[in-house]
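Examination of the molecular architecture
Read off the chains here:
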Amino acid sequence: MVLLDTNILSEPVRKIPDRKVYARLSVQAGNFAASVITLDELRYGAMLHPQSKVFWSKIETTVIPLVRWMKIDQDSIDSRGFESLFEAEGPDSGNLRLLDRRNRLD
């Protein structure tokens, strides 16, 4: 079992996916895991996309079935997700603008 991060899992939904990464994900689907934090990061990236509902639908059908999703022990970290960060800090937060520039999935 290989634990994948957001960068790898976002590859299938990029405009021009890396063929090697996409091929390995396709061939070995089911042999990968990801944390629910990664799932929240994918949700956040989709939320920033101009066509967020369509983009999230693409993630749900293309990316989510590829891996086994692992829950994180809530006693060890705060796993509320990006939705609560967005609600708490608002869309004009400097932190969110920084995240937007680094993590946007398009």
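Inspection of helix α4 (residues 52-62) places Phe55, Trp56 and Ile59 among the buried residues, and these make up the whole buried set. For α4, the angular spread of the buried residues around the axis is 100 degrees, confining them to a single face. Facing away from the buried side of α4 by over 90 degrees, the exposed positions are Lys53, Val54 and Thr61. Where the residues of α4 are buried, they touch α3 (36-48).

We now examine the nonpolar core. Counting 15 residues, the largest nonpolar core has Leu4, Leu9, Trp56, Ile59, Val63 and Val67 as its most contacted members. Counting residues per element, the ones that place at least two in this core are β2 (32-35), α3 and α4. Other than its neighbours up to four places away in sequence, Trp56 contacts Leu39, Leu42, Arg43, Ala46 and Ile64.

As a further point, take the sheet that holds strand β3 (residues 67-70). Reading across from one edge, β1-β2-β3 is the order of the three strands in this open sheet, with parallel pairing throughout. A strand with exactly one partner marks an edge of an open sheet, and here the two such strands are β1 (2-3) and β3. Two elements, β2 and β3, share four bridges in a ladder whose sense is parallel. By the bridge assignment, Ala34 is partnered in β3 with Trp69. Helix-sheet contacts for α3 involve β2 and β3, and the interaxial angle to β2 is about 75 degrees.

Another point: the side chain of Ser10. On the secondary structure map, Ser10 appears in the loop between α1 (6-9) and α2 (19-27). Among the polar contacts made by the side chain of Ser10, one reaches the side chain of Arg14 at a distance of 2.9 Å.

In this structure the tally under the stated criterion is two salt bridges. Notably, a salt bridge pairs Arg14 with Glu11, separated by 3.5 Å at the nearest N-O pair. By relative accessible area, which is 11% here, Glu11 ends up buried. Notably, a salt bridge pairs Asp40 with Arg43, separated by 2.9 Å at the nearest N-O pair. Of this pair, Asp40 and Arg43 both sit in helix α3, separated by three residues, roughly a single helical turn. Relative accessible area serves as the criterion here: at 10%, Asp40 is assigned to the buried category.

This part is about the confidence of the model for the chain. Residues at a pLDDT of 70 or more form 67% of the chain, whose mean pLDDT is 75. Overall, residues 88-104 carries pLDDT values under 50, and its contacts beyond four positions in sequence, including any with other chains, amount to 19 contacts.

On to the pairing of β2. Residues of β2 alternate between two faces, with Phe32 and Ala34 on one and Ala33 and Ser35 on the opposite face, all of them buried. Both β1 and β2 contribute to a ladder of two bridges, which runs parallel. Directly across from Leu3, in β2, lies its bridge partner Ala33.

Criteria and cut-off values
For every chain, the first residue of its written sequence is number 1, and the numbers climb from 1 along that sequence. Only residues with pLDDT of 70 or above have their local features reported here, since the model is predicted, and side-chain atom pairs are shown and tallied only from 80 upward, although totals for entire chains, interfaces and linings are computed over all residues. Processing note: side-chain calculations cover all non-hydrogen atoms of the structure and skip hydrogens and water entirely. Exposure categories follow from relative accessible area, calculated using a 1.4 Å probe and restricted to protein chains: below 20% of the type maximum is buried, above 50% is exposed, and the middle band is partly exposed. The secondary structure listing takes helices from DSSP runs of H or I that are at least 4 residues long and strands from runs of E that are at least 2 residues long, numbered from the N terminus. This arc corresponds to the set of directions leading from the helix axis out to the C-beta atoms. Contacts are residue-level and defined by heavy atoms, with any inter-residue pair within 4.5 Å sufficient. Throughout this description, the term nonpolar core refers to a set of buried Ala, Val, Leu, Ile, Met, Phe, Trp, Tyr and Cys residues connected via side-chain atoms within 4.5 Å. Note: two strands are recorded as paired if DSSP finds a minimum of 2 bridges between them. Only C-alpha atoms enter the line fits that serve as axes; for helices the fit covers just the stretch in contact. Angles between N-to-C directions range over 0 to 180 degrees. Polar contacts here mean pairs of N or O atoms no more than 3.5 Å apart (in protein, one a potential hydrogen donor and the other a potential acceptor; neighbouring residues in sequence count only if both atoms are side-chain atoms). Salt bridge, as applied in this entry: a Lys or Arg side-chain nitrogen positioned within 4 Å of an Asp or Glu carboxyl oxygen. Every residue gets a pLDDT, meaning the predictor's confidence in that residue, from 0 to 100.

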